[in-house]
Amino acid sequence: MNVPTTPAPAAGPSRRAVVAAAVLVALLVAGVVLASRFLGPADTAAQDPTAAPRTGPVGLVPVEAPDAGSPSCASLVGQLTGALPNGGGTLEKLPVADPAPAGAVVWGDRVAEPVVLRCGLSKPGELTPTAQLRVVSGVQWLPVEGTGASTWFAVDRPVYVALTLPDGLGTGPLQTVSEVVGRVLPAQPVRP
């Protein structure tokens, strides 16, 4: 008598192995998402290791700065001679391309966007009686967020000073510039 036989089940991963693999993949994806949110973007050089460092002076677009040639701005720019701290490193003072605007100073690492200080600007339009000011080392600043950078305006000095900081920079440059502004330029009431 001929008895039909059932074929043996095909060998493959067990249900337990498939579930374990799916859980590991989900944990890996969750870890990558969490790491990207908490660690933030890497520095520019790490994002693009092939990025060539910038060479030569930094070009600045002209802006309205009616008091840039004032004695107050000359004193401030004269005191901003060194590098700025940035996390564990420093941002070196960089040359400004001709025609270099009066009252401007630039720092950077020649890879990322530079930190730019401009002295003697016109009153910022965002400075209103209800504007939220922040005090850093005794200097009142008006922060204005932009795309890829923020600009901080010192608004309680005889001239307006703007410090533009690329996103992702620490507080070292703002702290150092605040200390110099506070030492060189006398405080006065905010003029909203």
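Scroll up a little and you will see the structure.
Anyway, here's the lowdown on the structure attached to this text. As the structure is a computational prediction, the values presented were derived from the model and not from experiment. (Residues numbered from 1 in each chain as written. Predicted model: local features only at pLDDT ≥ 70, side-chain atom pairs only at ≥ 80, totals over all residues. Heavy atoms only, no water.)

### Brief notes about the pairing of strand β6 (residues 139-145)
Among the seven residues in β6, five count as buried, and that is most of the element. Where strand β5 (residues 134-136) folds back onto β6 in an antiparallel hairpin, the turn is made up of two residues, including Ser 137, whose phi is positive at roughly 55 degrees. In this structure, β6 lies alongside strand β7 (residues 149-154), joined through five bridges in antiparallel fashion. Residue pairing in the sheet places Trp 141 in a bridge with Ala 154 of β7. Following β6, the chain reverses through three residues before pairing antiparallel with β7; Gly 148 in that reversal takes a positive phi of roughly 85 degrees. (Buried < 20%, exposed > 50% of the residue type's maximum accessible area, 1.4 Å probe, protein only. Helix = DSSP H or I, 4+ residues; strand = E, 2+ residues; numbered from the N terminus. Pairing = 2+ DSSP bridges.)

### Considerations on helix α4 (residues 172-184)
Compared with the 18 Å implied by 1.5 Å per residue over 13 residues, the 18 Å span of α4 between its first and last C-alpha is a close match. Considered for burial, the residues of α4 that qualify are Gly 172, Pro 173, Leu 174, Val 177, Ser 178, Val 180 and Val 181. (Expected span 1.5 Å × (residues − 1).)

### What about the state of the cysteines?
If you walk through the whole model with that rule in mind, you get one disulfide. Paired by a disulfide, Cys 73 and Cys 119 hold their sulfur atoms 2.1 Å apart. With the S-S dihedral at roughly -85 degrees, the linkage between Cys 73 and Cys 119 falls on the left-handed side. Taken together, the residues Cys 73 in helix α3 (residues 71-79) and Cys 119 in strand β4 (residues 115-121) connect sequence positions 46 residues apart. (Disulfide = S-S within 2.5 Å.)

### Let's talk about the environment of Ser 70
Looking at where Ser 70 falls in the secondary structure, it is placed in the loop between α2 (44-47) and α3. Separated by 32 residues in sequence, Ser 70 and Ala 102 place their C-alpha atoms 9.2 Å apart.

### Here's the deal with the sheet that holds β7
Here we have eight strands laid out as an open sheet, ordered β1-β2-β3-β4-β8-β7-β6-β5, and antiparallel in their pairing. Whereas interior strands pair on both sides, the edge strands pair on one side only; in this sheet they are β1 (84-86) and β5. Between one strand axis and the next, the sheet turns through 30 degrees on average, direction left out of account. Relative to strand β8 (residues 160-166), β7 is paired through six bridges, and the arrangement is antiparallel. What sits directly across from Thr 151, in β8, is Thr 164. Where α3 meets the sheet, its contacts fall on β2 (89-94), β3 (104-108), β4 and β8, and the angle it forms with β4 comes to roughly 160 degrees. (Axes fitted to C-alpha atoms, helices over the stretch in contact; angles between N-to-C directions. Contact = heavy atoms within 4.5 Å.)

### Quick word on the nonpolar core
Judged by nonpolar contacts, the single largest core of 24 residues is most densely connected at Leu 76, Trp 107, Leu 117, Trp 141, Val 161, Leu 163 and Val 177. Secondary structure elements with two or more residues in this core: α3, β3, β4, β6, β7, β8 and α4. Sort the elements by how many residues they give to this core and α4 lands first, with four residues. Counting residues in hydrophobic clusters, the runner-up holds nine residues, among them Leu 127, Val 144, Phe 153 and Ala 162. (Core = buried A, V, L, I, M, F, W, Y, C linked by side-chain atoms within 4.5 Å.)

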